[in-house]
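Each chain, written out:
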Amino acid sequence: MKNTFGNAVSMTIFGESHGPAIGAVLDGLAAGLPVDEAAIAAAMDRRRARGDGLSTARTEADAVEFLSGVFEGHTTGTAVAMIIRNQNTRSGDYAKTAGLLRPGHADYTAYAKYEGYQDARGGGHFSGRITAASVAAGALCETVLNSLGIRVYTHIAECAGVKDAPLSSSAGLLMPEPQPGHFALLDASKEAPMQEAIRTAGSEGDSVGGVLETIVTGLPAGIGEPWFDSVESELAHLMFAIPACKGLEFGAGFAFAAMRGSEANDPFTMQNGRIATATNKNGGINGGITNGMPLVFRTVLKPTPSIYKQQHTVDYLAKQDADLQIKGRHDPCIVPRAAVVQNTLAAFGLLDLLTVRYGTLAQKHGLPQAE
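Just so we're clear, the structure is a prediction, and the values are computed from it rather than from any experiment.

The next subject is the overall build of the protein chain. Scanning the protein chain from terminus to terminus reveals nine helices and 18 strands. What you see for the protein chain is a C-alpha radius of gyration of 21 Å, in line with the 21 Å of a compact globule of 371 residues. Expressed as a percentage of the 371 residues in the protein chain, the buried residues total 50%. Pairs at least 24 residues apart make up 72% of the contacts formed inside the protein chain by residues separated by at least 6 positions. By element, 54% of the accessible surface of the protein chain is carried by carbon and sulfur atoms, the whole surface being about 17000 Å². Put simply, the protein chain has 30 plus and 37 minus side-chain charges, and the middle of one group is 3 Å from the middle of the other.

See below:
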């Protein structure tokens, strides 16, 4: 497995869904950065399940413990190691169907790659449970970005066919304030119909998916390392590490296919003595490098593959066709909980790109001012 990602700032994740703990190691942070444990705890709370019929009944405290790299509330400049203990596992739910491949899961591909030595309990290292570790690490990176005047916000653009209010693509776009509650929405009135659609699918033993949209403001122009570590390349790599992510677009995305160049281009203009663009169809990126406009991208997350409907499958131990009725505790929709996963992974990736450009001292002392 490849469990480490990043250049100037790197993240390593470890652990399994039903192991004693999961965790992450962040390397490349400057010494003396404040560690906002309250902000990290708030991010963990947005990701955790609530056992409310909208997410899995497996609820965990998800308290983050720092093992190294933090002393008296600040980073020490060495690797920041953190763990989250698993306290509510029920491996017996999986033992009864151990030989049956769950459709949509990594059971077969993991078996083919690791020859039966993988930890299959609860999906093991392929479980969405592991995203808790990335949220803990990414939330620390997000607090660093906030101190530099950079804000990352992810909302549920669509879930179960219910759409949130859209973001504006205008040059004067202001960062929206997140609505209170479990659902990250621009229009709070959309939460009730989204919840109803999720509960309906869950009551029928099924699941639903959705679209998450992320916007980043405050990024300076000139960030990104083409070709292979362009802004799109790094963020795409991280987004597709989210287990349910199956698609990604920046700016106007796939809508570019129906445009002409005259429609797709963002005209340059002067605003308050600085270069800007009149529109933002390219999502704040040209040539793989930030142009100073808000960075905008969207992901699509597939419906949770663990559903309670009976499905046809294969018993890979007996090498014969079989039917599967999944047991255990599963989310009818992971989209609301995944919003903070996307947000914090984006923060980590952008901090890495910023540090490649300006070095670790910029994390603490600020970015050079644009001319």
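Alright, that's what it looks like, and here's the rest.
A separate point is the packing of helix α1 (residues 37–47) against helix α4 (residues 131–147). Axis separation between α1 and α4 bottoms out at 9 Å; the angle between their running directions is 140°. What the angle tells us is that α1 and α4 run oblique. The hand of the α1/α4 crossing is right-handed. For the pair formed by α1 and α4, the contact residues are Ala39, Ile40, Ala43, Met44 and Arg47 on the first element and Thr131, Ala132, Val135, Ala136, Ala139, Leu140 and Thr143 on the second.

What holds strands together in a sheet is hydrogen bonding between their backbones, with the strands either parallel or antiparallel. Ordered in space as β9-β8-β10-β16-β11, the five strands form an open sheet in which the pairing is antiparallel. Edge positions in the sheet fall to β9 (162–163) and β11 (245–250), since each of these pairs with one other strand and no more. Across the sheet, helix α8 (residues 335–358) lies against β8 (151–159), β10 (210–217) and β16 (295–301), angled at about 145° from β8, the strand it touches most.

One turn of an α-helix holds 3.6 residues; hence residues three or four places apart share an orientation. Every buried residue of α1 is accounted for by Ile40, Ala43, Met44 and Arg47. Viewed along the axis of α1, the buried residues span an arc of 100°, placing them on a single side of the element. Of the surrounding elements, those touching the buried residues of α1 are β4 (64–68), β7 (80–85), α4 and α8. Where α1 starts, the residue carrying a side-chain oxygen 3.2 Å from the main-chain nitrogen of Ala38 turns out to be Asp36.

In this fold, Glu158 is placed in strand β8. A relative accessible area of 25% means that Glu158 is categorised as partly exposed. On a C-alpha basis, the gap between Glu158 and Gln325 in space is 29 Å, while along the polypeptide they are 167 residues apart. Setting aside residues up to four positions removed in sequence, Glu158 forms contacts with Lys163, Met194, Gly210, Val211 and Val335.

So, on to the pattern of salt bridges. Any two side chains of opposite charge can pair, given that their charged atoms come close. Applying the stated criterion to the full structure yields nine salt bridges. As a salt-bridge pair, Arg129 and Asp62 come within 2.7 Å of each other at their nearest N and O atoms. Residue Arg129 is located in the loop between α3 (107–114) and α4, and its partner Asp62 is located in the loop between α1 and β4; the two are separated by 67 residues in the primary sequence. The exposure class assigned to Asp62 is buried, which follows from its relative accessible area of 5%. Of the charged contacts, one joins Arg298 and Glu249 as a salt bridge, the two residues approaching to 2.8 Å between their closest N and O atoms. Here Arg298 is found in strand β16, whereas its partner Glu249 is found in strand β11, with 49 residues between them in sequence.

Attention now goes to the nonpolar core. Of all hydrophobic cores here, the largest spans 79 residues; its most connected members are Leu26, Met239 and Leu295. It is α8 that contributes the most residues to this core, 13 residues altogether. If near-sequence neighbours (up to four positions away) are discounted, Leu295 is found in contact with Thr214, Ile215, Val216, Leu219, Val231, Leu235, Gly283, Gly284, Ile285, Thr290 and Leu350.

Attention shifts here to the sheet that holds strand β3 (residues 21–27). Ordered by their spatial adjacency, five strands build an open sheet running β1-β2-β3-β7-β4, and the pairing between neighbours is antiparallel. On the outer flanks of this sheet lie β1 (4–6) and β4, each paired with one strand and no other. Here the strands of the sheet are splayed against their neighbours by 20° on average, with no regard to which way each runs. Where α4 meets the sheet, it contacts β2 (10–15), β3, β4 and β7, and its direction lies at approximately 30° from that of β3.

Each value, and the rule that gives it
Residues numbered from 1 in each chain as written. Predicted model: local features only at pLDDT ≥ 70, side-chain atom pairs only at ≥ 80, totals over all residues. Heavy atoms only, no water. Helix = DSSP H or I, 4+ residues; strand = E, 2+ residues; numbered from the N terminus. Rg over C-alpha atoms; globule rule 2.2 N^0.38 Å. Buried < 20%, exposed > 50% of the residue type's maximum accessible area, 1.4 Å probe, protein only. Contact = heavy atoms within 4.5 Å. Areas by Shrake-Rupley, 256 points an atom, 1.4 Å probe, with all protein chains shown as cover. Lys, Arg positive; Asp, Glu negative; His and termini not counted. Charge placed at Lys NZ, Arg CZ, Asp CG, Glu CD. Axes fitted to C-alpha atoms, helices over the stretch in contact; angles between N-to-C directions. Parallel < 35°, antiparallel > 145°, perpendicular 65-115°, else oblique. Left-handed = near helix turned anticlockwise from the far one by under 90°. Pairing = 2+ DSSP bridges. Arc of directions from axis to C-beta. Polar contact = N/O pair within 3.5 Å; in protein donor to acceptor, adjacent residues only side chain to side chain. Salt bridge = Lys/Arg side-chain N within 4 Å of Asp/Glu carboxyl O. Core = buried A, V, L, I, M, F, W, Y, C linked by side-chain atoms within 4.5 Å.

Honestly, that's just the spatial picture; any functional story needs more than this.
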